[in-house]
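# Residue-level structure breakdown
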Amino acid sequence: IILNPLTLNKVKDGVRLPTYDRSEIKTGIFHFGVGGFHRAHQALIMDNLFTMGLAKDWGICGVGIMPVDQKMRDVMRDQNCLYTLVEKESSGQLNYRVIGSIIEYIYAPDDVNALIERLTKPEARIVSLTITEGGYNTNPVTGEFDLSLVQDDLKNPKNPKTVFGIVVEALKRRKERGVSGFTIMSCDNLQENGKIAKKSFLSFAEAIDKDLSTWIEKNVTFPCSMVDRITPVTTEVDRLKISEKLGVVDQWPVVCEPFIQWVLEDDFAAGRPTYEKNIVQLVKNVAPYELMKLRLINAGHQAIAYFGLLLDHFYVHEATQNDQIVKYLQSYMDFEATSTLDPVDGIDLNQYKSTIIKRFQNPNVLDTLARLAVDGSDRIPKFVIPVIEDRLTKCESVWLSTSVVVSFTRYLNGVDDKGKKIQIVDRMNEKLSVLDKKLRKDPTAISDAQEIFGDVVKNKIFISTFKEIYEKLQNEGAKKTLDWLLSKY
Ligand code: NAD
């Protein structure tokens, strides 16, 4: 028996079910990229609002455009868009809940014109996106929208295949028919995600017709947001266990951590659900919240990743059960990162930091250090270097933040402190291996690595701090180096 509205009465006790009448919910949000994260995040919040009797004209219509989404379409059809969300608490407790806020699902290639027509109707007031970081077609070098990737859609505007082709064609028809615009709301993990989305959609529209892009600029808003909730890929074991608990089969449940956050710019072109009634923090400017996340969570992940691997830990929760690593992470956040943040209204930073450690310690999320280390050459400059730069301009010490960079360069040796091999997965692998050889001969050669770390490598204090920590780490290992670093505070 498969989970769907007709079998809900067969679901065993201990699973929370929708208590509202789904037939009363009308579509207002079209969401592109219904994967794990959307179903653990925005869809949950809408489910909460419906449960409170609010926002009934803001039901979600999921949209898939990629071939992989055919599976989601089939599951959504079989289950009438119901699915189970399981929050895994650190204590081991699992909270099961069936979510009903997605009320329809469209797989665009089945009938793209029908989808465009739906998006042209006034009911479409928010188009939200979790289409992954790469989905915005931004060239990593120039930062510009890559038009070469959307040539087919530019040539066949009536039969588009990308989110840009579909949404812009709908906006074109709205303009022609005198229907006003809607909000395009990116929920992807990108700094200034709204600005990136705006650039991509406007660049695409401009390649069709300048008037159209001007109209979109006036009639469509692109709020930025900061989203947070660790949502790992659903495994076969999850699927089996959850179906067993339910007593009916859920073909594609979602698992996630209990923590959830959404800070959202209040800039909507055609209304919005009463988000403020549940979890969402509506603000004028998301930037300080993004900075907080990048410099505490993302940089914090980097701080534990390489030291953790050198000390032969495998999972994030294992590394953060090591007291020395926890103390190091806490010190990095308290003594170096925090002073570089802007004021963040409505957030108690001490509590935020202790929550980060608790989240990392959750043994049920099963996040690996190796995953955090993938493409470190991209992450260190985005998350850690800005902290160093900020502090150097203020003549503040940079021992801890620099030690994160050092731990990355020590990890490039490809072996841990016991001599066990570490697999390095990084798109700059070749350049990093050259750097590794140079640093082993002379740590001040870090000053040649501008291409990877930016101008900071030319700073004399950075170079001398780097050298001292590098030599310590190479000669005495991670444990002693961490003790030595911590003894400074
Ligand atoms: P997922 O793989 O479960 O789902 C991704 C969805 O995006 C799929 O439906 C896929 O078809 C679609 N997609 C991919 N490329 C696309 C493109 N070019 N155009 C249109 N659709 C495209 O992944 P997920 O875990 O749901 O994560 C999606 C995004 O959500 C992440 O990339 C990230 O930006 C954000 N996010 C994820 C997490 C997390 O922990 N998983 C946390 C915060 C934010």
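This text follows the structure it describes.
Summary of the structure given here.

Reading the values: the criteria
- Residues numbered from 1 in each chain as written.
- Predicted model: local features only at pLDDT ≥ 70, side-chain atom pairs only at ≥ 80, totals over all residues.
- Heavy atoms only, no water.
- Helix = DSSP H or I, 4+ residues; strand = E, 2+ residues; numbered from the N terminus.
- Rg over C-alpha atoms; globule rule 2.2 N^0.38 Å.
- Buried < 20%, exposed > 50% of the residue type's maximum accessible area, 1.4 Å probe, protein only.
- Lys, Arg positive; Asp, Glu negative; His and termini not counted.
- Charge placed at Lys NZ, Arg CZ, Asp CG, Glu CD.
- Pairing = 2+ DSSP bridges.
- Salt bridge = Lys/Arg side-chain N within 4 Å of Asp/Glu carboxyl O.
- Contact = heavy atoms within 4.5 Å.
- Axes fitted to C-alpha atoms, helices over the stretch in contact; angles between N-to-C directions.
- Phe/Tyr/Trp six-rings, centres within 6.5 Å; stacked < 30°, edge-to-face > 60°.
- Core = buried A, V, L, I, M, F, W, Y, C linked by side-chain atoms within 4.5 Å.
- Near = heavy atom within 4 Å.
- Polar contact = N/O pair within 3.5 Å; in protein donor to acceptor, adjacent residues only side chain to side chain.
- Nonpolar A, V, L, I, M, F, W, Y, C, P; charged D, E, K, R; others polar.

What follows is about the overall build of the protein chain. Along the protein chain, the regular secondary structure elements total 19 helices and 12 strands. Taking 489 residues into account, the globule formula puts the C-alpha radius of gyration at 23 Å, and the protein chain, at 24 Å, falls close to it. For the protein chain, the spread of C-alpha atoms along the three principal axes comes to 65 × 55 × 40 Å. Put simply, the protein chain has 489 residues, and 56% of those count as buried. When the 63 positive and 66 negative side-chain charges of the protein chain are each reduced to one mean point, those points stand 1 Å apart.

Attention now moves to the pairing of strand β9 (residues 225-228). Here β9 shows no split at all, with Ser225 and Val227 on one side and Met226 and Asp228 on the other all buried. Taken together, the four bridges between β9 and strand β11 (residues 261-265) define a ladder with antiparallel strand orientation. Across the sheet, Met226 pairs through a bridge with Val263, a residue of β11.

By the definition in use, this model includes 38 salt bridges. Taking the shortest distance from any N to any O, the salt bridge between Glu276 and Arg272 comes out at 2.8 Å. Residue class for Glu276 comes out partly exposed when judged on its relative accessible area of 43%. The exposure class of Arg272 is partly exposed, given its relative accessible area of 23%. Linked through salt bridges whose partners overlap, the residues forming this network are Glu117, Lys158, Glu169, Arg173 and Arg177.

Turning to the sheet that holds strand β10 (residues 254-256), a few remarks are in order. Sheet strands associate in pairs through backbone hydrogen bonding, adopting either a parallel or an antiparallel arrangement. Across the sheet, four strands lie side by side as β1-β5-β4-β10; this open sheet has mixed pairing. Lying at the two open borders of the sheet, with one neighbouring strand each, are β1 (15-16) and β10. With two bridges joining them, β1 and strand β5 (residues 94-99) adopt parallel strand pairing. Counted as the bridge partner of Val15 is Tyr96 from β5. Along the sheet, helix α2 (residues 42-51) contacts β1, β4 (83-88) and β5; its crossing angle with β5, the most-contacted strand, is approximately 75°. Contacts from helix α9 (residues 236-246) reach β1, β4, β5 and β10 within the one sheet, and its direction differs from that of β4 by about 105°.

The next point concerns the packing of aromatic side chains. Two measures describe an aromatic ring pair: the distance that separates the ring centres and the angle between the ring planes. Following the criterion strictly, the structure yields 17 aromatic pairs and no others. Considering the side-chain rings of Phe466 and Tyr470, the 5.6 Å spacing of their centres and the 20° angle between planes classify their relative orientation as stacked. One end of the pair is Phe466 and the other is Tyr470, both in helix α19 (residues 460-486) and four residues apart, which spans about a single turn. Residue class for Phe466 comes out buried when judged on its relative accessible area of 0%.

A few words on the sheet that holds strand β12 (residues 281-283). The strand order across the open sheet formed by three strands is β9-β11-β12, and the pairing between neighbours is mixed. The sheet is open, and its two edges are formed by β9 and β12, each paired on a single side. Taking each pair of neighbouring strands and ignoring which way they run, the sheet shows an average axis angle of 15°. The pairing of β11 with β12 spans three bridges and is parallel. Looking at β12, one finds that Glu265 is bridged to Val283.

This part covers the environment of Leu85. Relative to the helices and strands, Leu85 resides in strand β4. Classification of Leu85 as buried rests on a relative accessible area of 2%. Put simply, Leu85 and Pro67 are 18 residues apart on the chain and 24 Å apart in space, counted from C-alpha to C-alpha. Each residue touching Leu85, except ones within four places of it in the same chain, is listed here: Arg39, Ala40, Leu44, Asn95, Tyr96, Arg97, Ile99, Arg229, Val254 and Cys256.

The tendency in soluble globular proteins is for nonpolar side chains to be buried as a group. Ranked by internal contacts, the top residues of the largest apolar core, which has 78 residues, are Met292 and Phe453. For this core, the element with the highest residue contribution is helix α10 (residues 287-310), accounting for 14 residues. Membership of the second largest hydrophobic core comes to 38 residues, among which are Ile65, Val150, Val163 and Ala205.

Before going further, it helps to spend a moment on the site of the ligand. Around the ligand, the structure places 20 residues, and the nearest of them are Phe37, Asp69, Glu133, Asp188 and Asn189. Asp69 is positioned with one of its side-chain polar atoms (N or O) 2.8 Å from an oxygen atom of the ligand. In the environment of the ligand, an oxygen atom lies 2.9 Å from a nitrogen or oxygen atom belonging to the backbone of Thr231. Partitioned by chemical class, the residues of the shell around the ligand number eight nonpolar, eight polar and four charged.

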